[in-house]
Amino acid sequence: MSGIELALDKPKIVTGQVSRTPVQLENSREALLEELQGHAPGNVVIWMMQGIVWGTWDGAALSFVDDTEVLADYWLEIRVFNENEELHLRRCGSQLTGRWLKDEGAEASEYVDAIARLWGSREEADSKLQLADHLRKLCLDLPVQDDMTATYYGLVTRNYIGTSPVTHQAGYRDYRFVRIAPADVKEG
């Protein structure tokens, strides 16, 4: 039995530029849509009190994989992400607070990309990517991806390296979601 790969190819430190912009807005669908205007399409994940819902941002509107009603009153955390940027918001009372993190800007940065496999294997499903783990009785519906031929899928994260001003130790200072990707383990 082979192990699950936790990195894309061999982990490597990449140097680039980054910008981080604080965001605070009203906890409403309208405020979220206004904040997303002008940003590139990507995937969306919303943690709500009763579950997690995945969807897409097409540059003009949000759409969700499940028929679940996605009411702002139940939002706890939101991530809207693509290859170049992520909006990460958390509920704080009646507000959503967080940041835009973009791979462009004036701040020099180093990062490492990694993949964490999601539970379950691909099932046949119309207009969505469905992962199921029948032994655990888990099912996860994800947005359709470019490559729908893999058995397993994972979430690619970009982990930004920084140094603590207090301890001077290096570690991950922030991370963002990048994409959903095939995560089949290759033998050899």
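Conventions we followed
- Residues numbered from 1 in each chain as written.
- Predicted model: local features only at pLDDT ≥ 70, side-chain atom pairs only at ≥ 80, totals over all residues.
- Heavy atoms only, no water.
- Patch = residues over 30% accessible without salt bridge, like charges linked within 9 Å, V, L, I, M, F, W, Y side chains within 5 Å.
- Areas by Shrake-Rupley, 256 points an atom, 1.4 Å probe, with all protein chains shown as cover.
- Salt bridge = Lys/Arg side-chain N within 4 Å of Asp/Glu carboxyl O.
- Helix = DSSP H or I, 4+ residues; strand = E, 2+ residues; numbered from the N terminus.
- Phe/Tyr/Trp six-rings, centres within 6.5 Å; stacked < 30°, edge-to-face > 60°.
- Buried < 20%, exposed > 50% of the residue type's maximum accessible area, 1.4 Å probe, protein only.
- Arc of directions from axis to C-beta.
- Contact = heavy atoms within 4.5 Å.
- Polar contact = N/O pair within 3.5 Å; in protein donor to acceptor, adjacent residues only side chain to side chain.
- Pairing = 2+ DSSP bridges.
- Axes fitted to C-alpha atoms, helices over the stretch in contact; angles between N-to-C directions.

A. Just a nonpolar patch on the surface, in detail. Taken together, Met49, Leu71, Tyr74 and Leu76 make up a surface patch of nonpolar side chains, about 370 Å² in accessible area. Assignment of secondary structure puts Met49 in the loop between β2 (42-48) and β3 (51-57).

B. The packing of aromatic side chains, seen in detail. Evaluation of the coordinates by the stated rule reveals five aromatic pairs. For the pair Trp54 and Phe81, a centre-to-centre distance of 6.4 Å together with 85 degrees between the ring planes defines the contact as edge-to-face. Of this pair, Trp54 sits in strand β3 while Phe81 sits in strand β5 (residues 75-81), and the two are 27 residues apart along the sequence. Take Trp54 and Phe81: they sit in the same class, and that class is buried. Ring pairing ties together the aromatic residues Trp47, Trp54, Phe81, Tyr175 and Phe177, which thus form one cluster.

C. Highlighting helix α1 (residues 29-36). Inspection of α1 places Ala31, Leu32 and Leu36 among the buried residues, and these make up the whole buried set. For α1, the angular spread of the buried residues around the axis is 135 degrees, confining them to a single face. Pointing more than 90 degrees away from the buried face of α1 are the exposed residues Glu30 and Glu34. Close packing links the buried residues of α1 with β1 (14-26), β3, β4 (62-64), β5, β6 (85-92) and β7 (95-117). Downstream of α1 by a residue or two, Gly38 has a phi angle that is positive, lying close to 85 degrees.

D. Expanded view of the side chain of Gln145. Checked against the element boundaries, Gln145 lands in the loop between β10 (138-142) and β11 (153-163). Reaching out from Gln145, the side chain makes a polar contact with the backbone oxygen of Pro143 at a distance of 2.9 Å. Contact partners of Gln145, with chain neighbours within four places excluded, come to Asn43, Leu129 and Ile180.

E. Up close: the pattern of salt bridges. Under the defined criterion, the tally for this structure stands at 16 salt bridges. Measuring nitrogen to oxygen at the nearest pair gives 3.8 Å for the salt bridge that ties Arg79 to Glu77. Classification of Arg79 by relative accessible area gives buried; the value is 1%. Accessibility expressed as a relative area gives 18% for Glu77, which makes it buried.

F. How the structure looks around the sheet that holds strand β8 (residues 121-123). Pairing in this open sheet of three strands is antiparallel, and the strands run β8-β9-β10 from one edge to the other. Lying at the two open borders of the sheet, with one neighbouring strand each, are β8 and β10. Across the sheet, the mean angle from the axis of one strand to that of its neighbour is 35 degrees, orientation sign disregarded. With three bridges connecting them, β8 and strand β9 (residues 129-133) associate as antiparallel partners. In the strand pairing of β9, Glu123 is matched with Gln130.

So yeah, pure geometry; function would need other evidence.
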